[in-house]
Structure formats: C-alpha cells, structure tokens
Amino acid sequence: MNLGMTCYANSILQAISATPVLSTYLWSGEFRRDVQTDNPAAVESRGLLAGIVASLVKDLRRNSDMARGGKCESVSPRDVIAMCNRIRPQWPLGEQQDAKEFFDFLSEHLHHDLNTHSGMVMAHKLTPEEERRRETWPTRYAAVVEWTRSTKTDKSKLSDLFFGQHISRVQCSDCGATSTTFEVWSSLSIEIPEWDPRGAKPTLHDCMRSYGGAERLEAYTCERCHVATRGSSTKQILLTRMPPIVVVHLKRFSMFDANAAKVRTAVSCPMEGMDFGPYVLPPPTAEETARMNNLAAGLAPDTCMSPPFVYDAFAVVKHKGNSLHAGHYVADCRDAATGRWKEYNDERATEVMARASPAELQRFLSDGEAYMVFYQRRASPNANPVVNGA
C-alpha cells in the first residue's frame with residue numbers, strides 16, 4: 001500500500017522480499033537467533049526493525065502464495081516506515097524520498113540489528129609503519145587481511161550477502177609509490193556515460209569500465225618522495241571482493257543539485273550472465289601466490305574473492321519521473337517460485353512480458369527508468385538461470 005509517497009520504500013521492500021536467502025532467513029524466523037538487543041549502533045531499534053521487516057516479508061510471501069490461487073491482499077509498510085523514522089527522523093509519511101538512500105539506510109540498520117560481532121574487540125588502527133608494510137604485500141593477501149579486520153566487529157547476514165570491498169589506489173607519477181585504501185561497500189554507485197543518440201546505447205560494462213578507470217589527480221603530494229604533482233599522478237578503484245548479492249545503482253541524479261535534470265539514458269544491463277570479472281582484482285601471479293602461501297598461515301580464504309564472478313538479475317527498481325523529489329518508484333522482481341517477472345506498483349502486481357524472449361525482457365527491464373539492479377551470483381558459471389519462466 002502507498003501511505004502517501006511511500007513508493008520509494010515499497011519498491012525497496014519488494015526487492016528485499018525477492019532477495020534469495022535473505023527473504024527465507026527473515027520470513028522463516030531464523031533471524032531471531034541473531035538479533036542484537038544491546039548493540040550501541042542499534043540503540044533506537046534493539047532488534048525491532050529486523051522483526052518488523054521480517055513480518056512484512058512474511059506477509060508478502062503469504063500474499064504471493066495466495067495470488068496464485070486468485071486471492072491477494074495488499075499489506076501496509078506503516079510499521080517499517082514508522083520504525084525507520086524513529087531511528088532517524090527523515091522518513092515521514094507524505095514526503096518523496098530517494099529509494100537508494102532508503103536501501104542504504106535499511107540495509108545498514110538491519111545489519112546493526114543482526115550484527116553478531118557487535119560486542120567484539122575492534123581491530124587496532126594501523127600505524128604508518130604498518131601501512132607502509134601492507135603496501136608491500138600482494139594485494140589479494142592484503143585484501144583478505146583487511147576484510148578479516150573489518151569483520152571483527154561487523155558480521156551479519158546482511159554483510160555476508162551484500163557487503164563487498166574495493167581498493168582505492170593512488171600512484172605517484174614521480175617515484176611510482178602507491179597508497180592503497182581498503183573500503184567496504186553495500187552497493188555499487190556508477191556513473192552513466194554520455195551517450196550519442198546516433199550510436200548504440202551504453203551497456204553496464206561501459207559503466208563498469210568507467211568506474212574502474214584510472215583518474216588523473218589535479219593535485220597530489222606523495223607520502224614517500226614528498227613531491228607535489230599536478231595532473232600526472234593517478235587514482236584507480238578496483239573491486240577486490242564480490243558478495244553473493246550485488247546491487248548496482250545507476251547515478252541518474254546529481255548529488256550536488258537535487259533539482260538537476262534526471263539522466264534518462266537507457267543502460268543495457270544483462271539480466272543473466274553479467275560477468276564482473278574484468279573489474280575485479282586479477283588472479284595473483286605465481287610469485288605472489290608463493291608469497292601469499294608464506295604470509296597467509298592461519299588466514300581463512302574468502303570465496304567471494306575467487307572467480308568466476310557471474311551474476312543474474314532478480315530485481316530492478318525503476319524511477320518514473322523527471323527529478324529526484326518527483327516521480328514514482330516501482331519494482332520489477334523475479335518470482336522465485338515460477339521464475340517469471342512481475343511489476344510491483346504499490347498495491348498492484350502485474351506480470352511482465354510473460355512470453356518475452358530474454359533479449360526483449362532485457363530491453364524492457366533496463367530502459368531509461370532503471371535505477372537499481374539487484375544481482376545474485378551464480379553457484380557455477382555454467383548454471384542455467386531461469387529468467388522468464390521458460
């Protein structure tokens with residue numbers, strides 16, 4: 001139900017409900033064993049948000065089953081939005097909000113509610129000497145170490161499913177020294193390249209190449225040689241950990257001007273077989289592998305850092321309208337039971353192109369309104385995904 005401009009929340013809640021593993025974890029009640037009532041980061045919720053979202057997902061699941069028999073009732077997101085507004089008073093009824101911001105907020109606070117490592121001792125802050133030593137390690141080994149450090153106090157079903165890692169690496173053009181920062185993310189926000197209407201529309205691969213491309217820095221002072229360079233040193237982002245669920249956010253709105261025109265460029269996003277491998281840290285060389293084997297005693301490997309990185313879409317959140325604070329959100333989601341896609345437009349659910357070919361379905365789902373695409377990693381690269389129930 002739309003309670004007054006709550007379509008931004010409705011679309012995200014439908015995508016969460018369609019997320020494999022997570023929805024089962026919530027509606028089955030399995031989440032209860034992980035609820036944290038004394039996590040300082042969840043002081044306003046104390047586990048209540050997780051319970052409320054789980055109840056809504058359970059209602060949606062029941063309604064989906066009823067719909068196959070011709071009966072269905074819409075459910076109200078009132079309790080979810082009220083709890084979110086209690087945690088942070090920015091989600092009042094009657095105000096249009098950004099679906100991406102709501103996803104970030106919801107995933108962050110569900111993580112806090114379910115963070116089973118919240119009471120653990122935090123990893124110590126690295127000294128400058130330790131950072132310099134880390135810079136000499138094979139990048140893959142350093143990535144595993146940093147991910148392990150980050151999970152000392154942050155580990156939940158949300159982080160297991162949604163949280164990835166990338167490095168931001170600056171290289172001095174004078175001495176060649178690098179400075180690497182490791183960052184955790186829950187979604188990938190990517191720019192949409194400029195498009196000449198006379199040519200082919202951009203693809204998600206075009207966006208990802210731009211995301212991971214080297215950027216020249218206007219000004220940079222190297223920590224090693226202390227030389228200040230202008231326009232010659234570079235910065236590059238490289239993915240190092242790809243979680244089971246990857247949420248791609250197409251940046252259709254300016255972060256600096258809320259009234260700026262929406263970017264309406266259609267981006268062709270593969271609905272099946274999206275390979276993120278070219279944008280992930282390449283496999284280590286033989287020499288790096290030998291060094292890692294010597295360094296990594298007692299360090300558990302991370303399968304999310306090992307290829308292949310092939311994904312299939314299961315939900316697309318769309319924005320219909322001209323600006324960030326005007327318009328309407330809907331969610332196109334794959335029905336887990338039938339494999340067919342449905343559009344969830346507030347309380348209305350309709351089947352999407354039931355007999356469409358994969359190419360037709362892709363054009364429909366990744367048009368100029370696609371705002372967020374939810375991908376699930378394949379169990380194996382040669383698995384045969386069910387995309388439209390065929």
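Up top you'll find the structure we're talking about.
Residues numbered from 1 in each chain as written. Predicted model: local features only at pLDDT ≥ 70, side-chain atom pairs only at ≥ 80, totals over all residues. Heavy atoms only, no water.

Draft legend 1. Structural context of the layout of surface pockets. What the largest pocket holds in volume is close to 720 Å³. Going through the elements one at a time, helix H1 (7-17), helix H2 (22-27), helix H3 (48-67), strand S11 (326-334), strand S12 (341-345) and strand S13 (348-351) are the ones with two or more residues in the lining of the largest pocket. Looking at the lining of the largest pocket element by element, the count peaks at 8 residues for H3. Its residues assigned to classes, the lining of the largest pocket shows 17 nonpolar, 11 polar and 11 charged. (1 Å grid on protein atoms, 1.4 Å probe; cavity = no way out; pocket = protein on both sides within 12 Å on 5 of 7 lines; lining within 4 Å. Points joined across faces, edges and corners; volume = space filled by probe spheres on them. Helix = DSSP H or I, 4+ residues; strand = E, 2+ residues; numbered from the N terminus. Nonpolar A, V, L, I, M, F, W, Y, C, P; charged D, E, K, R; others polar.)

Draft legend 2. Up close: the packing of aromatic side chains. Counted by the stated rule, this structure contains 12 aromatic pairs. Both rings, one in Phe103 and one in Phe374, keep their centres 5.7 Å apart while their planes meet at 85°; by these two values the pair is edge-to-face. Here Phe103 is found in helix H5 (residues 99-113), whereas its partner Phe374 is found in strand S14 (residues 370-377), with 271 residues between them in sequence. Phe374 shares its class with Phe103; the two are buried. Summarising the aromatic geometry, the rings of Trp137 and Tyr141 are spaced 5.1 Å apart at their centres and angled 70° between planes, so their arrangement reads as edge-to-face. Relative accessible area serves as the criterion here: at 21%, Trp137 is assigned to the partly exposed category. With a relative accessible area of 10%, Tyr141 lands in the buried category. When the ring centre of Tyr25 is taken as reference, the NZ or CZ atom of Lys157 above it lies at 5.2 Å. In this structure, Lys318 is placed above the aromatic ring of Phe364, and the distance from its NZ or CZ to the ring centre is 4.2 Å. (Phe/Tyr/Trp six-rings, centres within 6.5 Å; stacked < 30°, edge-to-face > 60°. Buried < 20%, exposed > 50% of the residue type's maximum accessible area, 1.4 Å probe, protein only. Lys NZ or Arg CZ within 6 Å of the ring centre and 35° of its normal.)

Draft legend 3. Geometry of the state of the cysteines. Per the stated rule, a full pass over the model turns up 0 disulfides. No disulfide involves Cys7; its sulfur sits 14 Å from that of Cys333, the nearest cysteine. A residue is classified by how much of its surface remains accessible, and Cys7, at 2% relative accessible area, is buried. No disulfide involves Cys175; its sulfur sits 3.7 Å from the nearest other cysteine sulfur, which is in Cys222. Overall, the relative accessible area of 31% leaves Cys175 in the partly exposed class. (Disulfide = S-S within 2.5 Å.)

Draft legend 4. Structural detail: the packing of helix H4 (residues 78-87) against H5. Where H4 meets H5, the closest approach of the two axes is 12 Å, and the angle between their N-to-C directions is 80°. Classified by the interaxial angle, the pair formed by H4 and H5 is roughly perpendicular. Taking contact as the criterion, the partners of Val80, Cys84 and Ile87 in H4 are, on H5, Phe102, Phe105, Leu106 and His109. Class assignment for the residues of the contact of H4 with H5 results in 6 nonpolar, 1 polar and no charged. (Axes fitted to C-alpha atoms, helices over the stretch in contact; angles between N-to-C directions. Parallel < 35°, antiparallel > 145°, perpendicular 65-115°, else oblique. Contact = heavy atoms within 4.5 Å.)

Draft legend 5. Geometry of empty space enclosed by the protein. Inspection of the entire model under this criterion finds 1 cavity of 30 Å³ or more. What lines the largest cavity is simply Asn10, Ser11, Gln14, Tyr329, Val330, Ala331, Tyr344 and Asp346. If you list the elements that add at least two residues to the lining of the largest cavity, you get H1 and S11. Of the residues contributing to the lining of the largest cavity, the split by class is 4 nonpolar, 3 polar and 1 charged.

Draft legend 6. Representation of the sheet that holds strand S7 (residues 234-241) in the model. With respect to topology, 4 strands assemble into an open sheet ordered S2-S1-S7-S4, the strand pairing being antiparallel. Each end of this open sheet is capped by a strand with a single partner; those strands are strand S2 (178-185) and strand S4 (215-216). Two strands pair when backbone bridges link them, and S4 and S7 are joined in this way by 2 bridges, in the antiparallel orientation. Across the sheet, the residue bridging to Arg216 is Thr234, located in S7. Each of strand S1 (164-171), S2 and S7 touches helix H7 (residues 139-150); the most contacted strand, S1, lies at about 130° to it. (Pairing = 2+ DSSP bridges.)

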